[in-house]
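Residues per chain are reported as follows:
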Amino acid sequence: MAKRPTPTTWTWQAERGPRARTYRLLMSEAMTLVRRGRIPSVAEVALNAGVSRATAYRYFPSRSKLITAVLEEALRPVRRYVPQAADGLARLRELFEKTYPRFTEYEPHMRAALQLALEHQSLDRTGLLEEEPFLRGHRRYLLHRAAAPLKAKLGAKAYERLLKALSLVYGIEPYVVLKDIWGAKDREVEALSRWVLDAFVQTALRQAAVLR
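What counts and what doesn't
- Residues numbered from 1 in each chain as written.
- Predicted model: local features only at pLDDT ≥ 70, side-chain atom pairs only at ≥ 80, totals over all residues.
- Heavy atoms only, no water.
- Core = buried A, V, L, I, M, F, W, Y, C linked by side-chain atoms within 4.5 Å.
- Buried < 20%, exposed > 50% of the residue type's maximum accessible area, 1.4 Å probe, protein only.
- Helix = DSSP H or I, 4+ residues; strand = E, 2+ residues; numbered from the N terminus.
- Contact = heavy atoms within 4.5 Å.
- Salt bridge = Lys/Arg side-chain N within 4 Å of Asp/Glu carboxyl O.
- Phe/Tyr/Trp six-rings, centres within 6.5 Å; stacked < 30°, edge-to-face > 60°.
- Patch = residues over 30% accessible without salt bridge, like charges linked within 9 Å, V, L, I, M, F, W, Y side chains within 5 Å.
- Areas by Shrake-Rupley, 256 points an atom, 1.4 Å probe, with all protein chains shown as cover.

J.: Hey, could you go over the nonpolar core for me, with residue numbers and the actual values?
T.: Among the nonpolar cores identified, the biggest contains 61 residues, and Phe60, Leu92 and Tyr170 are the most heavily contacted of them. By residue number, the principal contributor to this core is helix 4 (residues 63–80), which donates 8 residues. Ignoring anything within four residues of it in the chain, the contact list for Leu92 reads Leu143, Ala146, Ala147, Leu150, Leu166, Leu197 and Val201.

Okay, here's the thing in structure tokens:
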């Protein structure tokens, strides 16, 4: 008999019954608590949802699983979005334009993910990490899916360098730097990120043309 997927990997929107309702209740409380600016424990989510700790831990065995689910809930449209343009730069512009409003709406949830990742990296380096590490990396796939037409023009090495450069301005990091240090507003964060996007791509294309 095939093993039933764990609760955190079910397609809950299509599920029915008490377990799906419990998941949605826990997720709703988790989203609310994270929006207030911090990472709740699984026990705190359970308490606020009126669910037993034992039940909550069956859905989310760790903070890593909890924040992974929170981020999936927040960014599901972003991760599923597929640019329609044919040109690589146009596809990247489309990706930024369509997904940055979602980043703005769920900035607290993305900050929580960054906070947990940094905490875990620090604890792991000192050998003190006692829970499953929280890992990020979806932006690599999203950027590649959008920029793929540029690979033939740039070559593999330059293309990979471009993706790494773009990963600096696609995600929560521009919000942290520009809002916390510069006091920028959401629209300026998006505008500057798109300006950097154009600069990176155009520079990469010019360098590739010189090397030919």
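J.: Can you explain the pattern of salt bridges? Please cite residues and give values.
T.: Per the counting criterion, the structure on display carries 17 salt bridges. The partner of Arg93 in a salt bridge is Asp198, and the shortest N-O contact between them spans 3.0 Å. Linking Arg93 in helix 5 (residues 88–105) with Asp198 in helix 11 (residues 186–211), this pair joins segments that are 105 residues apart in sequence. Residue Arg93 is classed as partly exposed on the basis of its relative accessible area of 34%. A salt bridge links Lys179 to Asp186, with the nearest nitrogen and oxygen atoms 2.7 Å apart. For Lys179, a relative accessible area of 24% gives the class partly exposed. Judged by its relative accessible area of 29%, Asp186 falls in the partly exposed class. In the salt-bridge network here, residues are joined through shared partners; they are Glu107, Arg111, Lys179, Asp180 and Asp186.

J.: Go over the packing of aromatic side chains with me, naming the residues and quoting the values.
T.: Applying the stated rule across the entire model yields 8 aromatic pairs. With centroids separated by 5.6 Å and ring planes inclined at 40°, the aromatic side chains of Tyr23 and Phe60 adopt a geometry described as tilted. With Tyr23 in helix 1 (residues 18–35) and Phe60 in the loop between helix 3 (53–59) and helix 4, this pair connects stretches of sequence that are 37 residues apart. The exposure class of Tyr23 is buried, given its relative accessible area of 8%. You can call Phe60 buried: its relative accessible area is 1%. When the ring of Phe103 is compared with that of Tyr170, the centres are 5.1 Å apart and the planes differ by 65°; the resulting orientation is edge-to-face. One end of the pair, Phe103, is in helix 5; the other, Tyr170, is in the loop between helix 9 (156–166) and helix 10 (173–180), and 67 residues separate them in sequence. Side by side, Phe103 and Tyr170 carry an identical accessibility label, which is buried. An aromatic cluster is defined as three or more aromatic residues linked by ring pairs; in this entry it consists of Phe96, Tyr100, Phe103, Tyr170 and Tyr175.

J.: Which residues make up a nonpolar patch on the surface, and what values go with them?
T.: On the surface, a nonpolar cluster with roughly 390 Å² of combined accessible area is contributed by Val177, Ile181 and Trp182. Looking at the element boundaries, Trp182 is found in the loop between helix 10 and helix 11.

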